[in-house]
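Fold and contact review
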Amino acid sequence: MPSFSHFLDVLIDTKDVFLKAMILTLELTVVSILIGIVIGLFFALMKISKIKVLELISDVYVFLVRGTPLIVQIFILYFGLSGIFLIPDFWAASLALALHNGAYISEILRGTIQGVDKGQMEAGRSLGMTKVLTLRRIILPQAFRRALPPLGNQFIIGLKDSSLAAFISMNELFNVATTLGSNNFDEMTYLLIVAVYYLVLVALLTFIVNRLEKKLAISDR
């Protein structure tokens with residue numbers, strides 16, 4: 001184990017390269033989660049559509065994603081698509097993470113949508129709204145509000161999962177840490193440093209999610 005003074009010296013000396021990697025990690029996480037929410041909502045609506053074919057497609061998607069490791073999905077997307085057309089590392093990792101997160105988000109949203117009182121749909125229809133309009137204006141806002149805590153957890157999981165982008169040579173936090181550690185024969189110090197950066201990011205995301213939850217709770221009163 002490195003001494004505290006050595007750890008602190010390396011932490012300060014490498015702050016520029018790690019801050020750059022941290023920004024890339026955040027960009028990768030935010031983009032993949034935003035796309036994942038769109039994918040998740042799409043498949044959640046397919047699941048609750050009561051159309052058997054659409055339900056089956058949603059079930060197969062969730063089963064395949066949840067049943068295979070994320071690193072395998074990243075490799076399939078990266079090396080598979082690169083055989084057809086050139087795809088940048090960032091978008092290969094982002095799309096793989098988005099498809100992976102989308103499966104879990106679809107289950108979260110499906111549960112919260114179905115958890116909204118059925119009387120809400122009936123009330124919207126009685127006011128002359130179409131089913132789609134009622135879903136968009138009444139059901140989905142309530143569902144997303146209820147889904148915020150588990151979505152926040154998925155956001156944090158997505159942040160940590162982004163470390164797997166190192167395996168396609170993206171210079172995010174984990175890749176930078178392992179590269180510097182190997183070059184300096186000091187792996188443990190750099191692994192401890194990257195752990196600190198991940199803890200800071202998780203603390204920041206947790207704070208943002210908690211603030212949103214409190215804000216939405218106040219608006220419900």
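Before going into details, it helps to say that this report is about the structure given with it.

So, how was this worked out
Residues numbered from 1 in each chain as written. Predicted model: local features only at pLDDT ≥ 70, side-chain atom pairs only at ≥ 80, totals over all residues. Heavy atoms only, no water. Helix = DSSP H or I, 4+ residues; strand = E, 2+ residues; numbered from the N terminus. Buried < 20%, exposed > 50% of the residue type's maximum accessible area, 1.4 Å probe, protein only. Contact = heavy atoms within 4.5 Å. Areas by Shrake-Rupley, 256 points an atom, 1.4 Å probe, with all protein chains shown as cover. Lys, Arg positive; Asp, Glu negative; His and termini not counted. Charge placed at Lys NZ, Arg CZ, Asp CG, Glu CD. Patch = residues over 30% accessible without salt bridge, like charges linked within 9 Å, V, L, I, M, F, W, Y side chains within 5 Å. Salt bridge = Lys/Arg side-chain N within 4 Å of Asp/Glu carboxyl O. Axes fitted to C-alpha atoms, helices over the stretch in contact; angles between N-to-C directions. Parallel < 35°, antiparallel > 145°, perpendicular 65-115°, else oblique. Left-handed = near helix turned anticlockwise from the far one by under 90°. Core = buried A, V, L, I, M, F, W, Y, C linked by side-chain atoms within 4.5 Å. Arc of directions from axis to C-beta. 1 Å grid on protein atoms, 1.4 Å probe; cavity = no way out; pocket = protein on both sides within 12 Å on 5 of 7 lines; lining within 4 Å. Points joined across faces, edges and corners; volume = space filled by probe spheres on them. Nonpolar A, V, L, I, M, F, W, Y, C, P; charged D, E, K, R; others polar.

Some remarks on the overall build of the protein chain
Each helix and strand counted, the protein chain has 9 helices and 0 strands in total. Listing the helices and strands of the protein chain from first to last along the sequence gives α-α-α-α-α-α-α-α-α. Considered along the principal axes of its C-alpha atoms, the protein chain spans approximately 70 × 50 × 25 Å. Counting the 221 residues in the protein chain, one finds 40% classified as buried. Put simply, of all contacts in the protein chain between residues at least 6 apart along the chain, 77% involve residues at least 24 apart. Total accessible area computed for the protein chain in this model is approximately 12,600 Å², and 68% of it derives from carbon and sulfur atoms. Looking at charge distribution, the protein chain has the averaged site of its 19 positive side-chain charges lying 16 Å from that of its 16 negative ones.

Thoughts on a nonpolar patch on the surface
On the surface, Leu-56, Val-60, Phe-63 and Leu-64 cluster together to form a nonpolar patch covering roughly 420 Å² of accessible area. For Leu-56, the location among the structural elements is in helix H3 (residues 52-67).

So, the packing of helix H2 (residues 15-47) against helix H7 (residues 131-161)
Put simply, H2 and H7 touch, their axes get as near as 11 Å, and they point 140 degrees apart. As the angle between them shows, H2 and H7 are arranged oblique. For H2 against H7, the interelement crossing comes out right-handed. Here Thr-25, Thr-29, Val-30, Ile-33, Ile-37, Leu-41 and Leu-45 of H2 come into contact with H7, specifically with Leu-135, Leu-140, Phe-144, Gln-154, Phe-155, Gly-158 and Leu-159.

Digging into the nonpolar core
Note that soluble globular proteins tend to have their nonpolar side chains buried in a common cluster. Counting 20 residues, the largest nonpolar core has Phe-18, Leu-173, Tyr-190, Ile-193, Val-194 and Tyr-197 as its most contacted members. Taken together, the elements giving at least two residues each to this core come down to helix H1 (4-13), H2, H7, helix H8 (173-184) and helix H9 (187-219). Per-element tally for this core: the top contributor is H9, with 7 residues. The contacts of Ile-193, once residues within four sequence positions are left out, are Phe-7, Val-10, Leu-11, Thr-14 and Phe-18. Core analysis: the second largest hydrophobic core is formed by 15 residues, Ala-44, Ile-105, Met-129 and Ile-139 among them.

Overview of H1
Buried within H1 we find Phe-7, Val-10 and Leu-11. Across the axial projection of H1, the buried residues extend over an arc of 105 degrees, all falling on one side.

A few points about the pattern of salt bridges
Taken as a whole and assessed by the stated rule, the structure comprises 3 salt bridges. Linked by salt bridges that have partners in common, Arg-66, Glu-107 and Arg-110 make up one network.

With respect to the layout of surface pockets
Computed from the structure, the largest pocket encloses a volume of approximately 590 Å³. Counting only elements with at least two residues in the lining of the largest pocket, the list comes to helix H5 (89-115), helix H6 (118-126) and H7. Considering each element in turn, the lining of the largest pocket owes the most residues, 4 residues, to H7. Here the residues of the lining of the largest pocket are counted per class, giving 8 nonpolar, 2 polar and 5 charged. Approximately 320 Å³ is the volume attributed to the second largest pocket. In terms of lining residues, the second largest pocket is bounded by 15 residues, among which Ile-33, Ile-37, Leu-148, Leu-151 and Phe-155 are the most central.

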